[in-house]
Every structure is written in C-alpha cells, then in structure tokens.
Amino acid sequence: MTKTSTPVPSDLDIAQAATVRPIKEISDRLGIDPKFVIPYGHDKAKVHLDIIPSLKGKRGKYIDVTAITPTPLGEGKTTTTVGLVQGMGKIGHEAIAAIRQPSMGPTFGIKGGAAGGGYSQVIPMEDFNLHMTGDNHAITAAHNLAAAAIDARFFHESRSTDAQLNERGLKRLAIDPYKVQWNRVLDVNDRALRNVLVGLGGRLDGKPREARFDICVASELMAILALVDGQDYGTALKNLRGRVGKIVIGTSKAGKPITMDDLQVAGAITVLMKDALHPNLMQTLEGQAAFIHAGPFANIAHGNSSILADRLALGLGDYVVTESGFGADIGMEKFFDIKCRASGLKPDAVVLVATVRALKMHGGGPKVVPGRDLDQAYKEENLELLEAGMPNLVAHIKNAKRFGVPVVVAINLFAQDTQAEIDLIRKHSLEAGAEDAVATDHWARGGEGAKDLAKAVVAAAEKPSDFQFLYPLNLSIRSKIEIIAKEIYKAADVKYDGLAETQIKTFEESGWGKLPICMAKTHLSISQDPNLKNAPTGHTVRVREVRASVGAGFIYPLLGAMRTMPGLGMTPAYMNVDVDENGKVVGMF
C-alpha cells in the first residue's frame, strides 16, 4: 500500500519512493500465461498479441476519460485516468489503465512528463517518460527510412534513363518535389528544424530542396500503430503492412498519388515496427496494470492510445479506463468516430474531467500562462466567475451525450477549491444530463481519494448505452466536416479556402471520400480560434487545407496553422534533469 504525505512531494520523489512490483507479479494477477510475456527488465514488459484468441468471450467495461476545454496547464486527464483505476481497485474491481506513451519532446520541454501525477502515477516514472521499450525510436527510424527513400529516388531518377531503371526492376515515379507530404521526424523539440534545406553539397549529395521536420508522435506511422487491429499477431502484422503500403507520400508530376508500396519501402518499415505492435505493460503506484501503447498527436491525428492495448485489457480486466487527448471536442469525438469505428468496440461510459480553475478561465478569468504563478482569482472562492464559465462544461456534457453514452463529471480537486464551488459544478452537471458529478482527490490521496468517483463510474457503466457515431461514412467529405463543425463546435457556417476545395475534389476522385474525418484544430477552444473561450456559437469555421492519412484511414482538415514540431522555451525542463552519483535520475517532473 502506498503511504501518502502532506504536503505532496514531487512526482519523481513519489515515484522513486514507491515499491515497484516485478512485472511478472502484475501479469500473473491478470492471468497472463508467461509464454505471452516479453520482459524488458524486471518492471516492464510487452504482451504478445498471440494472447488475443484466448481472451475471446471476455469483455470488461470500456471507459473513456476526456475533459472540458483545458487551460494551457492541462486539467489532469492522465492523473484522473490512473486515479480512477486505483479507486476501482479500492472498491474491489480489476481495472486496467490504457494510455499513450509520451513524446520525449514535451518531457524535456515545458510540459514535463505524462505518467500522471502525485499519488496517481504509472511507474517507473522515468522509464515511462523516456525510452520505455523503444517503440518511439522504432517509429522514428521507420519514418526516416521512408524519407531517405524519397530523396534516394529523386537522386537516382535524375541520373538514370527509363531503360536503366527498368534493368533494376524500377519504374520512374517522377515524384513532384513540391508535393512531397512526408517530412523527417525527431523525438525532441527543435524549432530550428521546422523548415530546412536538404541535399546541399556537391553533385553526389542530392538535389537541394526544401523539407521539414516534425516531432515523431506526429508521424502517420504513430497514428497507424494506434489504429492497427487483429485477432492475433499475424493478422495485426498483416493489417500494419497493408496500412503502411497505402500511405501517400506525395504525388507525381502528373498528379498521381505515390504510396509507400510504389516506393517499395513499406516492407522494410513494417520490419522496423513489427515488435512495436505488442502493447507495453507497466503498473500504477498501487499495483494495477497499465497498458502504455502508441502516442499519436491529438491535433493532426486522433490522439488516442492503441486499439490492440484496449483489446487485450478488455479481455483481462473488469474495467478498462482509457484516455483521449485534449478536450472532448477533439479527443473524445475522434475516439468515438475514428477509433471505435475502426475497432468495433463500444464504450460504456465517459468521464469528463473538469476543474474549478479552467471553468473560471472560461468565465473570463485572467490568462493562464505555463511557468507563471496563477492569478489570485484562481486562488480564492469566486462563484460568479465560476458560474460564468459553466456553459463550457454544459457544452461538453451535451456533446458526449449526443453519442448515446452515460457521462460522469470528475471534479479534479486543487487545494484552493471550496465546497461551494464543487456544489455549483455538480448542480450544473446534473442539470445538463450527467449521471453524476464527483469531487476526486486522487492526486493527493491516490486510490482512496478516487473511491467516490469509481463508484459513480461503475454505476454509470451499468446503465444502458445507445452508442452511435456522429455521421455515416458514406456522406461526402464536406458533409462530414460540416456535421462536426456545426454539431460539436456549434459553428454557424464552414468556409473552404481554394486549396481545400481542390484537395477535397482530388481525394474524392481518388476514392478516399468515405474515410472518417480527423479535424486538426486548437485544443484551447471549442471553436477553431484559441481566443474564443467558454462555449462560443455562431462562428465560422475556416478550412485552410485538407490532407489525407490514407494508411491511418482518415482525412484531416486543417482549421488554422498546426505546429507539428514544438520549440523549446527559455528555461526548458531539461535544465533540471540530471543524475546523482548513484545514477539516480533527479529533476524530472
């Protein structure tokens, strides 16, 4: 049992003071045959996908944790996910967390790690936030192999006749250098690489062209890893290979889409990713299982952990608690319309994380800036400010209920929150149709602080669910975009730039019109404008550009500029990270 302390120590201090159970103890408790456990040291492992056939007929309850529109600080979704799993353990249920693996970019940037926090964490915290079992490195290598293949093809086609290419079993792809959609990736924040020139040097170094770097979790390969499905390792591997082959890297000079299969690199990419298919098994501070697998961006991709991890967990536990990225208007909608559509798995309940702090911000409170002290308005009771921000909470509850799933509001407590503020949130939650709204103190008290939330979620998950998608796939791309914009974002109209209109026409002519939509927009507003707080209505959504992730299986419209390579601040987190004389990590958070 984890003993809590007041004041609450740092996340790293708590994690390093915890008793880390051998991973075999965790897998044994779940009933996993040792032949399916692939150990990575003593405290983490992969679980082989060939376990899936033995899990048929077993199905735990499926819970998605989402949130209201957050402040830039985040409102504690991962911490709540882990805390809820621990709380379920306190009331006698075998619950399993299923969450994304973080990128090391934010870990060493301003955000810090993503293992949860306080007394609701996944441990070992350092491994979780760094290399873990190498999945992110595998994706980085696979992605960059494809980028190298593109430039190699440019080089050799520019120096060869069609006859010379044919002698090598190749056909001329004639890739348009101005239409290449495949950037290079790196798992660090590095703004200097957002826009680069490659091919500089002499005649043998390639032809110079403009290129870009993204952070590795923005790779389409990462989005694919999270959406691969299968009934065993062989079928999952086949699904992965098929999806990778369909990735469109750009077009020919004649405007024809060029795929990874055309480039003849899809097989090698699959080889580099084949071991990453097996989900990673770790543990919470209180010894519950946690599957950590995949980590796609929640803006340009779907922002959810893997279908395969969920499928394993649902066959091994009573309850599976997963988390979707950012607010409910982004991650939850994509969880339902993309991930659940791909897997066929139906959720039993939604947990909507809300904080007094975020609702006060939506009510007109002062700007919240990472790294700066909170304004006094957030440190003292202010029911008027809180009341003014309630439309944001209500909008998200109604959006979740639109999918036919019961909703429980988790009021993630901070030390300065008052009972009157908690009561006000609960009142509005129930009036908006939530099954319950429960104050939860898991950050400071672990599972003990989340027992009431766990009871409320168990009760909600037992209620009938009439889950339904927001739109059918057979609608046009425009129709699907407009349903999301008007139904979820409450926009009055949708306008398309000329480029977007051309791309939509091309995609539908290419046969991609029946794919689901993955809207890429800010997480700081229900609208596309980060400055529009609370629950804006009547605004116009502008679609600047539309791109296709054909391998992952979705179309993603860009509603504004999406930054896919973060930069480092003046005092990034890496400045505090070091090792002591015994090799123990210090300074991570």
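Notes on the structure in this doc start here.

Cut-off values and rules
Residues numbered from 1 in each chain as written. Predicted model: local features only at pLDDT ≥ 70, side-chain atom pairs only at ≥ 80, totals over all residues. Heavy atoms only, no water. Pairing = 2+ DSSP bridges. Helix = DSSP H or I, 4+ residues; strand = E, 2+ residues; numbered from the N terminus. Right-handed = clockwise from strand over helix to strand, strands pointing away. Phe/Tyr/Trp six-rings, centres within 6.5 Å; stacked < 30°, edge-to-face > 60°. Buried < 20%, exposed > 50% of the residue type's maximum accessible area, 1.4 Å probe, protein only. Lys NZ or Arg CZ within 6 Å of the ring centre and 35° of its normal. Core = buried A, V, L, I, M, F, W, Y, C linked by side-chain atoms within 4.5 Å. Contact = heavy atoms within 4.5 Å. Salt bridge = Lys/Arg side-chain N within 4 Å of Asp/Glu carboxyl O. Axes fitted to C-alpha atoms, helices over the stretch in contact; angles between N-to-C directions. Parallel < 35°, antiparallel > 145°, perpendicular 65-115°, else oblique. Left-handed = near helix turned anticlockwise from the far one by under 90°.

This part covers the pairing of strand 18 (residues 436–440). As defined by bridge partners, strand 17 (residues 407–412) adjoins strand 18 across five bridges and the pair is classed as parallel. When the bridges of strand 18 are listed, Val408 appears paired with Asp436. The parallel pair strand 17 and strand 18, bridged by helix 17 (residues 419–431), forms a crossover whose chirality is right-handed.

Summed over the entire model, instances satisfying the criterion amount to seven aromatic pairs. A centroid spacing of 5.4 Å and a plane angle of 80° characterise the contact between Phe467 and Phe469, whose relative ring orientation is edge-to-face. The partly exposed category is assigned to Phe469, whose relative accessible area is 35%. Taken together, Tyr62, Phe335, Phe336, Phe403, Phe467 and Phe469 form an aromatic cluster joined through their ring pairs. The side chain of Arg341 reaches across the aromatic face of Phe469, ending 4.2 Å from its centre.

Across the junction of Thr6 and Pro7, the peptide omega takes the value -5°, indicating a cis bond. Residue Pro124 follows Ile123 across a cis peptide bond; omega there is -5°. Within the element layout of this structure, Pro124 appears in the loop between strand 6 (120–123) and helix 5 (125–129). Positive phi outside glycine occurs at Ala174, with the angle close to 50°. If you trace the backbone, Ala174 turns up in the loop between helix 7 (162–167) and strand 7 (184–186).

Let us now look at the nonpolar core. By size, the foremost hydrophobic cluster in this structure holds 135 residues, and its most contacted members are Trp182 and Leu393. For Trp182, the residues in contact, after removing those within four places along its chain, are His143, Ala146, Ala147, Ile150, Ser219, Glu220, Leu221, Ile247, Ile249 and Met260. Residues Leu84, Met132, Leu285 and Val351 belong to the second largest nonpolar core, which totals 45 residues.

What follows concerns the pairing of strand 15 (residues 319–323). Counting buried positions over the five residues of strand 15 gives five, a clear majority of the element. Here strand 3 (residues 61–67) pairs with strand 15 via five bridges, running parallel. Its bridge partner lying in strand 15, Asp64 is registered against Thr322. As defined by bridge partners, strand 4 (residues 95–99) adjoins strand 15 across four bridges and the pair is classed as parallel.

Tallied over the full model, the rule gives 32 salt bridges. Between Lys77 and Glu323 there is a salt bridge whose closest N-O contact spans 3.9 Å. Of this pair, Lys77 sits in helix 3 (residues 77–90) while Glu323 sits in strand 15, and the two are 246 residues apart along the sequence. Exposure remark for Lys77: the relative accessible area of 14% places this residue in the buried category. Overall, Glu323 belongs to the buried group, its relative accessible area being 8%. Where Glu487 meets Arg402, a salt bridge forms, and the shortest distance between an N and an O atom there is 2.6 Å. With Glu487 in helix 20 (residues 477–488) and Arg402 in helix 16 (residues 390–402), this residue pair connects regions lying 85 residues apart in the sequence. According to the relative accessible area criterion, Arg402 is partly exposed, its value standing at 32%. Because the salt bridges share partners, they merge into one network encompassing Asp43, Lys44 and Asp127.

With respect to the element layout, Thr355 can be found in the loop between strand 16 (349–354) and helix 14 (356–362). Owing to a relative accessible area of 0%, Thr355 belongs among the buried residues under this scheme.

What follows covers the packing of helix 16 against helix 17. One way to put it is that helix 16 packs onto helix 17 with a least axis distance of 9 Å and a crossing angle of 40°. By the angle between their axes, helix 16 is oblique relative to helix 17. Crossing hand, helix 16 versus helix 17: right-handed. Counting all contacts with helix 16, which are made through Met390, Leu393, Val394 and Ile397, the residues of helix 17 involved are Leu424, Ile425, His428 and Ser429.

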